[in-house]
Amino acid sequence: MSDDTLRIDRSAKTLRTLALERMREAIMGFHFQPGERLVERPLCDQLGVSRSVVREVLRQLEAEGLVQMIPGHGPAVAKPDLGRTDEIYELRALLEGIAARACALAATDAQIAALDAALTNLLDAWASGAPVEVMRATTKFYEALFEAADKRIAWEIVTGLNVRINQLRSMTIASENRREPAIAEMTEIMDAIRSRKPDEAAAAARRHVESAWQIARNTLRLGPP
């Protein structure tokens, strides 16, 4: 008799992954508002999955900081904490400034070409008007930036924060009149890197983060759009 206890259920894994991605996007797109309760039965109906899958997804989202358990009420969409938000943006400003500076100093022509391509994809994403695509393209740009800078440990730190960064990024992307300043700021970073001006690249990267930081702070005070 065969022992199937270690057999991987591929369909269940795929279903869980799809449900997790859909819930992440729903939270970041404000389909569920910060503080809103997440009730299992309606989620099962909306996602078309079993209660066990929903529970697994909610546990994962709790581990990522997007869901919090409210005593006596159950899971709810986490409300970003202003103090922790400040800490995330402080780290971003520091690490992205370091990466931009290193890029301007040492990136190869091929790496700069890859960054240019990533920026073009980001501009296309902004033009599409799809926030999820903007977040994905932004992550790809920064991945290329940190790789060209050879700052792998720094990127590991950023990757560990990416879910929370994207939750905040979703708020800034959705804010009114963010598109044109964001494009100008990213272009400024790229221009400084391309011109091999490390101090200007670092300063431009920090300014971009600080601009998003202020929007996030205002949004947290007033509520999401």
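Residues numbered from 1 in each chain as written. Predicted model: local features only at pLDDT ≥ 70, side-chain atom pairs only at ≥ 80, totals over all residues. Heavy atoms only, no water.

### Remarks on empty space enclosed by the protein
Moving on, step 1. In the structure shown here, the tally under the stated rule is three cavities of 30 Å³ or more.
Moving on, step 2. Size it by volume and the largest cavity reaches roughly 150 Å³.
Moving on, step 3. Together, 14 residues line the largest cavity, and Trp 126, Arg 169, Thr 172, Arg 178 and His 208 are the ones closest to its centre.
Moving on, step 4. Broken down by secondary-structure element, the contributors of at least two residues to the lining of the largest cavity are helix H4 (82–106), helix H5 (109–128), helix H6 (131–149), helix H7 (152–174), helix H8 (179–194) and helix H9 (198–222).
Moving on, step 5. Here the lining of the largest cavity takes three residues from H7, the largest share from any one element.
Moving on, step 6. Taken together, the residues of the lining of the largest cavity break down into eight nonpolar, three polar and three charged. (1 Å grid on protein atoms, 1.4 Å probe; cavity = no way out; pocket = protein on both sides within 12 Å on 5 of 7 lines; lining within 4 Å. Points joined across faces, edges and corners; volume = space filled by probe spheres on them. Helix = DSSP H or I, 4+ residues; strand = E, 2+ residues; numbered from the N terminus. Nonpolar A, V, L, I, M, F, W, Y, C, P; charged D, E, K, R; others polar.)

### A look at the packing of aromatic side chains
Moving on, step 1. Under the counting rule described, the total for this entry stands at three aromatic pairs.
Moving on, step 2. Pairing Tyr 89 with Trp 213 gives two aromatic rings, centres 6.0 Å apart and planes at 10 degrees, and the pair type is stacked. Of the two residues, Tyr 89 is situated in helix H4 and Trp 213 in helix H9; the sequence distance between them amounts to 124 residues. Taken individually, Tyr 89 and Trp 213 each receive the classification buried, so the pair is uniform in this respect.
Moving on, step 3. Taking 5.4 Å as the distance between ring centres and 40 degrees as the angle between the ring planes, the aromatic pair formed by Phe 146 and Trp 155 counts as tilted. Comparing Phe 146 with Trp 155 shows no difference in burial state: the two are buried. (Phe/Tyr/Trp six-rings, centres within 6.5 Å; stacked < 30°, edge-to-face > 60°. Buried < 20%, exposed > 50% of the residue type's maximum accessible area, 1.4 Å probe, protein only.)

Function cannot be inferred from these measures alone, as they are strictly geometric.
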